[in-house]
Structure formats: structure tokens, C-alpha cells
Amino acid sequence: MIVPTVKQTVTLAEEDIAGRLWLGSSLYPSPDLMAEAITAASPGFVTVALRRQTARNIEDNGHWALLKETTSRTGARLLPNTAGCFTAREAILMATLARELFATSWIKLEVMGDDYTLQPDPFELLEAARELVSQGFKVLPYCTEDLVLCQRLLDAGCVGIMPWGAPIGSGCGLQHPEGLKRLRQRLPEAFMVIDAGLGKPSQAMQAMELGFDAVLLNTAVAQAEQPVAMASAFAAAVSGGRMAYEAGLMTERPQASPSTPLLGLPFWHQTSS
């Protein structure tokens, strides 16, 4: 029997990205476990926070050296982010520094509006996105499932959008699946990544079954009892979810539908008592 496979490489901004599972590089118990988890997951992107780096410690830091070697070996790309920024001005400055330090124009744009939920500020986010696109960045903004905001970000020139599943690090999964499903349906051509809030492989599979192009997560792998095994589990879930989406999911029905038809059964099976 031939077992079908799903293509993991995906094209974004006319570049081939090696995988649909994207990983963060923080919170791991050790740099070695981080490297092993990245290897097991074979991610398309690995995010790195600029606030944890400086020009000096990037050169001297063993963690950074191991991350650079691991991503190079696995084919993953680095995706700097602007985590910790609360204004467009801050985010633009950080993105500019990231391009110099990491030698990439890719940027995951984060501009937070609330320090409790870490929900993005839509106004500052859109302002920063417009400016960074004008400077030649390939912008992937972290946002909510708000349809109007997502459309505005795409109109501004962002190469994709990254709506949250749930608040960062919560592990709650897709808290608003209907909104995400509607977003996917209304913007069918947009590249969309579920970013943040995933805690279980089943939740990543659900996101892929909805038709999202990739998922990004960190805590669920980094803080697992066995990060390497969990990275493998998420990789399998993402692959399975994408395969199911491409296979075509059945249409949900409001009532039962027998898998065994009544036609051809003895008459006493066709009458109610």
C-alpha cells in the first residue's frame, strides 16, 4: 500500500521555507535540548528575540553559536522578532537592529497593547508594518483574528499574517476557532500562521485542518517534560493536519447520517417499533 505524504516545503514571498512547523528558541532547559528539539522538528523558521541579544553576546554567546549551527544544518531560517515592544517606534528600531545583527530582512512584528494578555495593539502594529514594508522588510505581523485588521496588514504589504490561537504561553489552543475559520475563508490567498497559545499537538493539527499554512509555537515544546519527543509529536501533528486538509474533510451535518444505508435491508429493520 502506498502511504500518501504531504509536502512540507512551502513558498512564502517567493522563497522556499523548509517546513510548516515553526519553533521559538527560548525557555529550553539547556542549549543542547534546544538544538535537539529543533533537529527533531525540522522547522521552517526558528524565532529569536533581539532583546536577549547584543552585538557582543551574539559573537561570544555559545547559545547563539549553537542555534546558528543547528538552523544551518536543518535548513531552518532565523526569524527575529520584536517581542517586548509597545510602540511602533520601538518595533521599527528593533527590526532595523535585527536586520543588521542577523543579516536577514525577515521579521516577526510584535507590538503589544496589553501587558497582561499580551494582545497586540492594532494601531501601532499597522503603523509599524507600513514603515517596515517601505524599508524592504518581509513582515509577518503577530495579530488577532480580526478580519479588518488582517486585511489592512496585507494591504500594507505584509507577506503573511500571524493570528493568535490564544494568549502567548497559555497553552489554551484555538480559543476562537469560528473566527479563525472565517478569517481563512475570507482571505483564501493569504499566507496565515497560527502563532501563540498552542499547548498540544492536537491543537496544531486542528489549526492545519482549518487550512492554515503553518503554526508557530515555543512554550509547548520548550517546557515539555521531554522537549525533543514533543517536538517530534508536533511535527507529526502538523503533517497529519495538512494532509487531512488537502485530502478534503467531510462536510459537517446537523443530524445523524447512517454509514450503512437502509436500502436492501430486511423490512423489519426499516420500520420503527
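Residues numbered from 1 in each chain as written. Predicted model: local features only at pLDDT ≥ 70, side-chain atom pairs only at ≥ 80, totals over all residues. Heavy atoms only, no water.

Between two packed helices, both the angle of their axes relative to each other and the distance between the axes serve to describe the pair. In contact at an axis separation of 8 Å, helix 4 (residues 88-102) and helix 5 (residues 122-134) are set at 35 degrees when each is read in the N-to-C sense. As for how helix 4 packs across helix 5, the hand of that crossing is right-handed. Only Glu124, Glu127, Ala128, Glu131 and Leu132 of helix 5 make contact with helix 4, whose side of the interface consists of Ala88, Ala91, Ile92 and Ala95. (Axes fitted to C-alpha atoms, helices over the stretch in contact; angles between N-to-C directions. Helix = DSSP H or I, 4+ residues; strand = E, 2+ residues; numbered from the N terminus. Left-handed = near helix turned anticlockwise from the far one by under 90°. Contact = heavy atoms within 4.5 Å.)

A few words on the confidence of the model for the chain. Averaged over all residues, the pLDDT of the chain equals 89, while 88% of them reach at least 70. Throughout residues 1-5 the model reports pLDDT below 50, and contacts reaching past four residues in sequence, or to other chains, amount to 2 contacts. (pLDDT = per-residue confidence, 0-100.)

Glancing now at the nonpolar core. Counting 60 residues, the largest nonpolar core has Leu109, Leu153, Ile161, Val215 and Leu217 as the members making the most contacts within it. For this core, the element with the highest residue contribution is helix 4, accounting for 7 residues. Beyond its immediate sequence surroundings of up to four residues, Leu153 is in contact with Leu125, Leu126, Ala129, Pro141, Cys143, Cys158 and Ile161. Among the nonpolar cores identified, the runner-up in size contains 13 residues, and Val10, Trp22, Phe45 and Leu140 belong to it. (Core = buried A, V, L, I, M, F, W, Y, C linked by side-chain atoms within 4.5 Å. Buried < 20%, exposed > 50% of the residue type's maximum accessible area, 1.4 Å probe, protein only.)

Take the packing of helix 5 against helix 6 (residues 147-155) next. It is the contact of helix 5 with helix 6, at a shortest axis distance of 9 Å, that shows an interaxial angle of 15 degrees. As far as their axial angle goes, helix 6 and helix 5 are roughly parallel. Helix 6 is crossed by helix 5, and the crossing has right-handed handedness. Across from Pro122, Leu125, Leu126 and Ala129 in helix 5, the residues of helix 6 making contact are Leu149, Arg152 and Leu153. In terms of residue class, the contact of helix 5 with helix 6 is built from 6 nonpolar, no polar and 1 charged. (Parallel < 35°, antiparallel > 145°, perpendicular 65-115°, else oblique. Nonpolar A, V, L, I, M, F, W, Y, C, P; charged D, E, K, R; others polar.)

This part takes up helix 4. Between its terminal C-alpha atoms helix 4 stretches 21 Å, which fits the 21 Å expected from 15 residues at 1.5 Å a residue. For helix 4, the complete set of buried residues consists of Ala88, Ala91, Ile92, Met94, Ala95, Ala98 and Phe102. Looking straight down helix 4, one finds that the buried residues subtend no more than 165 degrees of arc, so they occupy a single side. In helix 4, those exposed residues whose orientation departs by more than 90 degrees from the buried face are Arg89, Leu93 and Glu100. Where helix 4 ends, the next residue or the one after it, Ala103, has phi of about 55 degrees, a positive value. (Expected span 1.5 Å × (residues − 1). Arc of directions from axis to C-beta.)

Before going further, it helps to spend a moment on the pattern of salt bridges. Applying the stated criterion across every chain yields a total of 7 salt bridges. Arg73 serves as the salt-bridge partner of Glu69, at 3.1 Å between the closest nitrogen and oxygen. Taken as a pair, Glu69 and Arg73 lie in helix 3 (residues 62-74) at a separation of 4 residues, close to a single helical turn. Take Arg73: its relative accessible area is 47%, and that puts it in the partly exposed class. Put simply, Glu15, Arg77 and Lys138 are held in one network by salt bridges that share partners. (Salt bridge = Lys/Arg side-chain N within 4 Å of Asp/Glu carboxyl O.)

Let's shift gears to the side chain of Ser26. Along the chain, Ser26 falls in the loop between strand 3 (21-24) and helix 1 (31-41). Its relative accessible area of 14% is what places Ser26 among the buried residues. At a separation of 2.7 Å, a polar atom in the side chain of Ser26 contacts the side chain of Asn218. (Polar contact = N/O pair within 3.5 Å; in protein donor to acceptor, adjacent residues only side chain to side chain.)

Take helix 7 (residues 177-186) next. The complete set of buried residues in helix 7 reads Gly179, Leu180, Leu183 and Arg184. Along the long axis of helix 7, the arc covered by the buried residues comes to 140 degrees, so they all point the same way. Facing away from the buried side of helix 7 by over 90 degrees, the exposed positions are Glu178, Gln185 and Arg186. Of the surrounding elements, those touching the buried residues of helix 7 are helix 6, strand 8 (162-163) and strand 9 (193-195).

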